[in-house]
Amino acid sequence: MFRSSGVLAAAAATFFLAVPALAQTKVAIVSMQRAMLDTAEMKKAQAELEAKYRPRQEEIGKVQKELESIQNQLQTMAGKLTQQAEQDLNIQGQRKQRELQRLGEDFQADVERERGEIITKVGSRLRDIVYKMAEEKGLDVILDVSNTVFFKPALDLTKEVTDAYDKAYPVK
């Protein structure tokens, strides 16, 4: 009888000693996505990507207009074209459609590849900044905002993380 009471008392003491330790856990919140997008490096990279790929976007737009022109000709000239002329326009339209699809797919793949490389680089550096900040502030846990239902705004370190990133990795 005394033996089981001792076990219960020990279990209760362990529980009550652990509760204050949980209450002292230091927690912070970061929006990793927003922190990443708000860094000067990411903004510069986005602007460079847009400038780099603008000519290809314009080329895609030009081919799209050419395809629309062919489709309009086929619609407005329906019944007025010879069978051969209609067939030639259909073939031109199919070629333009394939060209447009190929250009679009190549464009998308190239942009996604470069964007992925940038995100990987910035994301890795950003995680290092978050770890360093956790150590400096004596934080036990930093959660991403996407994994939280509610938090007090005072716990949000996103701006501090972005500022620390920009200081550690200034844009040239």
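The paragraphs below set out a description of the structure included in this document. All values reported here derive from a predicted model rather than from experimental measurement.

**Section: helix H5 (residues 158–168)**
- Among the residues making up H5, those that are buried are Thr158, Val161, Thr162 and Tyr165. Within H5, the buried residues cover an arc of 100° as seen down the axis, which keeps them to one side. Exposed residues on H5 whose side chains face more than 90 degrees from its buried face are Lys159 and Lys167.
- Buried residues along H5 sit in contact with strand S1 (27–30), helix H2 (32–38), helix H3 (40–76) and helix H4 (83–137).

**Observations concerning the side chain of Ser31**
- Mapped onto the secondary structure, Ser31 falls in the loop between S1 and H2.
- A relative accessible area of 11% places Ser31 in the buried class.
- A distance of 3.2 Å separates a polar side-chain atom of Ser31 from the backbone nitrogen of Arg34.

**Some remarks on the packing of aromatic side chains**
- Scanning the model with the defined rule gives two aromatic pairs in all.
- Taking the centre distance of 5.0 Å and the plane angle of 40° together, the rings of Tyr165 and Tyr169 count as tilted.
- Given the relative accessible area of 25%, Tyr169 is considered partly exposed.

**As for the pattern of salt bridges**
- Taken as a whole and judged by the stated rule, the model has 13 salt bridges.
- The shortest N-O distance in the salt bridge between Asp38 and Arg34 comes to 3.9 Å. Here Arg34 and Asp38 lie together in helix H2, a separation of four residues that amounts to about one turn.
- Residue Asp38 is classed as partly exposed on the basis of its relative accessible area, which comes to 34%.
- On the accessibility criterion, Arg34 (40% relative accessible area) is partly exposed.
- In this structure, the salt-bridge partner of Lys44 is Glu48, at a minimum N-O distance of 3.6 Å. Here Glu48 and Lys44 lie together in helix H3, a separation of four residues that amounts to about one turn.
- Residues joined by salt bridges that share partners form a network here, namely Lys62, Glu66, Lys96 and Glu99.

**Things to note about the packing of H4 against H5**
- Where H4 meets H5, the closest approach of the two axes is 10 Å, and the angle between their N-to-C directions is 115°. The angle between H4 and H5 falls in the class roughly perpendicular. As H4 packs across H5, the resulting crossing turns out to be right-handed. When H4 is examined against H5, the residues Val122, Arg125, Leu126, Ile129, Val130, Met133 and Lys137 are found in contact with a partner set consisting of Glu160, Val161, Ala164, Tyr165 and Ala168.
- For the contact of H4 with H5, the residue count by class is nine nonpolar, no polar and three charged.

What counts, and where the lines are drawn
- Residues numbered from 1 in each chain as written.
- Predicted model: local features only at pLDDT ≥ 70, side-chain atom pairs only at ≥ 80, totals over all residues.
- Heavy atoms only, no water.
- Buried < 20%, exposed > 50% of the residue type's maximum accessible area, 1.4 Å probe, protein only.
- Helix = DSSP H or I, 4+ residues; strand = E, 2+ residues; numbered from the N terminus.
- Arc of directions from axis to C-beta.
- Contact = heavy atoms within 4.5 Å.
- Polar contact = N/O pair within 3.5 Å; in protein donor to acceptor, adjacent residues only side chain to side chain.
- Phe/Tyr/Trp six-rings, centres within 6.5 Å; stacked < 30°, edge-to-face > 60°.
- Salt bridge = Lys/Arg side-chain N within 4 Å of Asp/Glu carboxyl O.
- Axes fitted to C-alpha atoms, helices over the stretch in contact; angles between N-to-C directions.
- Parallel < 35°, antiparallel > 145°, perpendicular 65-115°, else oblique.
- Left-handed = near helix turned anticlockwise from the far one by under 90°.
- Nonpolar A, V, L, I, M, F, W, Y, C, P; charged D, E, K, R; others polar.

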